[in-house]
Each structure stands twice: as structure tokens, then as C-alpha cells.
Amino acid sequence: MPAHNSKTEHGCQDDKIIDIQSEEKGIIDIQSEEKGIIDIQSEDTGITETSESHQSSSFPDGGWRAWLVVVGAMCNVFSTFGFVNSWGTFQAYYQQGILKDTSPSNIAWIGSIQYSLVFLPGIFVGRLFDLGYFRSILSTSSVLLIAATFLVAQCTRYWHFVLCQGIVIGIAAGGIFGPTIAIIGHWFHRRRGLAMGWVSVGSSLGGTLLPIAANKLIAAVGFPWTMRIIGFILIITLGVANLTLKRRLPPVNVAGGLLNLQAFKYAPFTAYCSSAFFSFLGIYTVLTYVSVSALELGISESLSFYLLSMANASSIFGRLLSGLLSDRCGPGNIVIPFTAVAGILTYAWPFARTQRELMAVAIIYGFSSGGYISLMTNPIMSLGVTDDIGRRIGMFMSILSLGALAGPPISGAINTASGGFEVVGYYAGSMVMIGVALMLLTRHCVLGRVLGKF
């Protein structure tokens, strides 16, 4: 946004407050030196400009403390997104075992509730983060996630799994994941893409190792002890996260309360939030059903379960590469092609009939979708300032959570109605490509030209 030209000043040295009224749009409130807060609010867009103390030159962008925060964030993402990304293994196991009398679409609701609740609490957690509440949210959510994981071991009926694995684990993961992403925005600016790439590796590691562990352990010690062992793993990873994560900037009570609805007057923000909603209607369909589709083709059970781990393992490289490239080219310029490739692979997945074809689809899909998941919040960070970063990310996540909630069950219902996955691929791939089109619209609104960093 262009800087505001002010013409009048009203000074009061006793209160150390200067109000500068802009003739055109903005209002600048420079509060006392004791508070050290500068807010510049645009009445037209609701997007806040940055204060001098929050300029890019003031960000550490490295150093042992900043990278220690990245390690803690990796552990958090391992425990939340990595755990949730393992859902495909549970979907296949439940369909073959404990919940075999329940339709695949109904079982998929458990995973969809998990997916959506990782993001949905963001609107509340983000606002609380901006106000300074971080440690209490992280520790409480960590305890809740661990307790719910142990409780899943005792589940035997469908509603048990919906409550424990869907709702409670989802809410707890959301309380951890939302502020974790905002914390990175406090420590990194110029190298934010690289930092987010490393953070998201935690998701890939969790999504790779936990399905393999679950598959092996269920056969060796049974489902209840499998969940208990996963619970013990989460105690370690979340313990490290609680010890290493720390916010850097002071809390700021940004005007507007829980929601900054004025931000939606800013076309790029609205378009990008819409793109995430449509993308999430289809982006997790392959990860949810790739193991199930392999089993239906007669591929061995052991390989079918490993397809999900292959996809998550390959996403490590997609996340790191996209993070490296985004700092040079801009996150939006990297997210768009990566997401487009994921959409194309979603179309192709139902037509992979052999073991090698399914492995190729899983690996390439994991690589490309990992790039999108890794960087999807970075453009949102750039469409505003650090003071409002928690609330802005929270609104974005709450919108995409609706797509994450509805996407896999819709795919499951289409599969049941059509008797195959071809139409599922058409639906999910089309949703992802609509998301790509809206990302391109966002880029156009911001740059207004073909070439440029976005």
C-alpha cells in the first residue's frame, strides 16, 4: 500500500501521543514510547501497515535461537499435520476391520473432521496469539492431543472414533498448529520460505513414519497398543516443542476484534482465501483414498498401506525445494505451479492400474502437494503486517477448513454412487484447478503484470 500523506499534527508531550490525520484514507496512532506500538489502519481495506520496529531488517532470519524455534515448530507439525496426514492408513484399516459395516463415506468424515479442525480454530487461536496468549494455548492443546490419542485406543464404535479421533484430536491439533505458523512470522522475513520449508518437513516425516509404524504395530501388538505407542511418541515431540517455541514480538491489540472483515475488501486477500477453500475440496482426496483404491485393484495389502508413506516421504523434497525457491521467486510464484501439478495428478490417479503406476502417482503427487501445503500461508503473511499475522492466518485457515471438512466425504459419496474412483478424480482434480485459477487471479491483482515476485 502507498504511504499515507498527513497534513495535521496534534501533539501532547505529557501523554507522548501523536495523532496524524491523513486527508485520504489512513489514521496513524503513534503511542507512547513505553508501549512502542505503531498502528496504521486503512479504512478501505482493513490491511494494517507495518511499524518501523517490525521492518524486515529487524527480523533475526537466522541464529541459533531462531532455528531452535524452527526445530520446535517441526516437532509441532510432526505431531499435528503429520498425524492427520496418516489418516489414509486408518481409513483403510477401519474399512477392513473395526468399522467394516460402516460406509467409506461415513468413515471419511472422521478424517475430514480432523483435517478441518486443524484449521478451524485458527480464527480464535490467531486472535489470542496476537493478544499474547501462546504458551497456555500450546501446553493445554498438547495435553489434550496426547490424552485423546490414548483414548482412541479404547474406541470400538463409530461415534467413539468421531468424538476422540475426529473432534478432540482435531481441536487439539488446531490449537497447536495455528500459533506455530504465526511464530515463524515473528522470527523470519527474508528467509521465511526456507524456514517454512523446514517446518513443513515435520509434517512429511510424521506422515511417512506414523503410517509405517501403525501398519507394523497393528499386526504385531494390535490396534489399542499401536495408539498408545503413538501417544508416547507425541509426548516426546510435543515436549520438545513446548521447551523450544517462543514468541519474539510483543502482543498488539489490533483494532477490529476477533474478525477483520474489512480485510475482505482487499481483492487479493479474498481471492486467495477462496482459492484455499476450493483447493482443499480436492487436495486430500488422493491421500485419503490411494490405499483404498490400491486394495480394490488387488494390489497387496502391505504395498497399499505404504503408498501413503511414499507420498508423504516424497513431499519432504517438494517442501524443501519450494521453500528454497520461494525466497528467490516469491511464494505465490512457486505455490501456483506446484498446486497445478497436484491437480493434474489427481485427474490421473484413478487411471493408474498397476503397482508401478500407483507408486509413480503417489510419489509425484506427494512432491507437488507438499510444495502447496508448505507455502500456502506465506502469501497471507505478505498481504498485511506482523502485528495482525495471527488473526489474518486464522481467518484464512477457518475458510479453508470448510473445504477440508467437505472434500473427502464428497469424494467418498461420489465413489459409492459411481462404483469407482474415475469420477472422484474428475471432481477432486477440478476443485484443485479452480483453486489454481483463483491463485492466478490473486497474483494478477497484486502485480498487474506477467512477470514479478509474488
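All figures in this text were calculated on a predicted structure; none of them were measured in a lab.

1. Considerations on the overall build of the chain
Broken down by element type, the chain carries 16 helices and five strands. A total of 454 residues make up the chain; the buried ones form 59% of that total. Restricting the contact set of the chain to residue pairs at least 6 apart, pairs at least 24 apart contribute 79%.

2. Regarding the pattern of salt bridges
Taken as a whole, this structure holds one salt bridge when the rule is applied. In this structure, the salt-bridge partner of Arg 353 is Glu 422, at a minimum N-O distance of 2.5 Å. Linking Arg 353 in the loop between helix H12 (331-348) and helix H13 (355-375) with Glu 422 in helix H16 (residues 422-447), this pair joins segments that are 69 residues apart in sequence. With a relative accessible area of 43%, Arg 353 lands in the partly exposed category. Residue classification places Glu 422 among the partly exposed positions, given a relative accessible area of 26%.

3. Here we look at helix H11 (residues 301-329)
A rise of 1.5 Å per residue sets the reference length of H11, with its 29 residues, at 42 Å; its end C-alpha atoms lie 42 Å apart and thus fit the reference within 8%. The sharpest bend along H11 measures roughly 30 degrees and falls at Leu 307. Just past H11, the residue Gly 330 takes up positive phi, approximately 100 degrees.

4. Side note on the packing of helix H9 (residues 267-280) against H16
It is the contact of H9 with H16, at a shortest axis distance of 7 Å, that shows an interaxial angle of 165 degrees. Judged by the inter-axis angle, H9 sits roughly antiparallel to H16. As for the relative orientation of H9 and H16, their crossing is left-handed in sense. Residues Ala 267, Pro 268, Ala 271, Tyr 272, Ser 274, Ser 275, Phe 278 and Ser 279 of H9 form the contact with H16, whose participating residues are Met 431, Val 432, Ile 434, Gly 435, Leu 438, Met 439, Leu 441, Thr 442, Cys 445 and Val 446. Taken together, the residues of the contact of H9 with H16 break down into 13 nonpolar, five polar and no charged.

5. Thoughts on helix H6 (residues 158-187)
Between its terminal C-alpha atoms H6 stretches 43 Å, which fits the 44 Å expected from 30 residues at 1.5 Å a residue. Along its length, H6 reaches its greatest deviation from straightness, about 30 degrees, at Ile 169.

6. With respect to the packing of helix H2 (residues 87-96) against helix H8 (residues 223-244)
Pairs of packed helices are described in terms of their axes, by the angle between the two and the distance that separates them. Put simply, H2 and H8 touch, their axes get as near as 14 Å, and they point 165 degrees apart. As judged from the angle between their axes, H2 and H8 are roughly antiparallel. At the point where H2 passes H8, the crossing takes the left-handed sense. Together, Phe 90, Tyr 93 and Tyr 94 of H2 and Phe 223, Met 227 and Ile 230 of H8 make up the contact between the two elements. Taken together, the residues of the contact of H2 with H8 sort by class into six nonpolar, no polar and no charged.

7. Structural notes on the confidence of the model for the chain
Across the chain, the average pLDDT comes to 80, with 84% of residues at 70 or higher. Per-element confidence in the chain is highest for H8, whose mean pLDDT is 94, and lowest for strand E3 (residues 27-30), whose mean pLDDT is 33. With pLDDT under 50 throughout, residues 1-56 is counted as low confidence; its partners more than four residues away or in other chains account for 98 contacts.

8. Describing the packing of aromatic side chains
This structure, assessed with the given rule, holds 22 aromatic pairs. Judged by centre distance (6.4 Å) and plane angle (25 degrees), the ring pair of Trp 87 and Phe 90 falls under stacked. Taken together, the residues Trp 87 and Phe 90, both in helix H2 and three residues apart, mark about one turn of the helix. In terms of burial, Trp 87 and Phe 90 fall into one category: buried. When the centroid spacing of 5.2 Å and the interplanar angle of 80 degrees are considered together, the rings of Phe 277 and Phe 278 count as edge-to-face. Judged by its relative accessible area of 25%, Phe 277 falls in the partly exposed class. One residue, Arg 228, lies across the ring of Trp 225, its end atom 5.0 Å from the ring centre.

9. Structural notes on the environment of Ala 92
Within the element layout of this structure, Ala 92 appears in helix H2. Residue class for Ala 92 comes out buried when judged on its relative accessible area of 1%. Residues Ala 92 and Pro 104, twelve residues apart in the sequence, show an inter-C-alpha distance of 9.0 Å. In this structure, Ala 92 is in contact with Ser 291, Val 292, Leu 295 and Phe 305, ignoring residues within four places of it in sequence.

10. So, a nonpolar patch on the surface
Nonpolar side chains collect at one region of the surface, where Trp 64, Leu 68, Val 71, Ile 236 and Val 240 lie side by side and expose about 490 Å² of accessible area between them. Elements with a minimum of two residues in the nonpolar patch: helix H1 (64-84) and H8. The element contributing the most residues to the nonpolar patch is H1, with three residues.

11. With respect to empty space enclosed by the protein
As enumerated under the stated definition, the model contains five cavities of 30 Å³ or more in all. There is about 100 Å³ of room inside the largest cavity. Lining the largest cavity are 13 residues, with Phe 177, Ile 181, Met 196, Ser 200 and Ile 373 positioned closest to its centre. Taken together, the elements giving at least two residues each to the lining of the largest cavity come down to H1, H6, helix H7 (192-221) and H13. Here the lining of the largest cavity takes four residues from H7, the largest share from any one element. Of the residues contributing to the lining of the largest cavity, the split by class is eight nonpolar, four polar and one charged.

What counts and what doesn't
- Residues numbered from 1 in each chain as written.
- Predicted model: local features only at pLDDT ≥ 70, side-chain atom pairs only at ≥ 80, totals over all residues.
- Heavy atoms only, no water.
- Helix = DSSP H or I, 4+ residues; strand = E, 2+ residues; numbered from the N terminus.
- Buried < 20%, exposed > 50% of the residue type's maximum accessible area, 1.4 Å probe, protein only.
- Contact = heavy atoms within 4.5 Å.
- Salt bridge = Lys/Arg side-chain N within 4 Å of Asp/Glu carboxyl O.
- Expected span 1.5 Å × (residues − 1).
- Bend = angle between axes of the 7 residues up to and from the residue.
- Axes fitted to C-alpha atoms, helices over the stretch in contact; angles between N-to-C directions.
- Parallel < 35°, antiparallel > 145°, perpendicular 65-115°, else oblique.
- Left-handed = near helix turned anticlockwise from the far one by under 90°.
- Nonpolar A, V, L, I, M, F, W, Y, C, P; charged D, E, K, R; others polar.
- pLDDT = per-residue confidence, 0-100.
- Phe/Tyr/Trp six-rings, centres within 6.5 Å; stacked < 30°, edge-to-face > 60°.
- Lys NZ or Arg CZ within 6 Å of the ring centre and 35° of its normal.
- Patch = residues over 30% accessible without salt bridge, like charges linked within 9 Å, V, L, I, M, F, W, Y side chains within 5 Å.
- Areas by Shrake-Rupley, 256 points an atom, 1.4 Å probe, with all protein chains shown as cover.
- 1 Å grid on protein atoms, 1.4 Å probe; cavity = no way out; pocket = protein on both sides within 12 Å on 5 of 7 lines; lining within 4 Å.
- Points joined across faces, edges and corners; volume = space filled by probe spheres on them.

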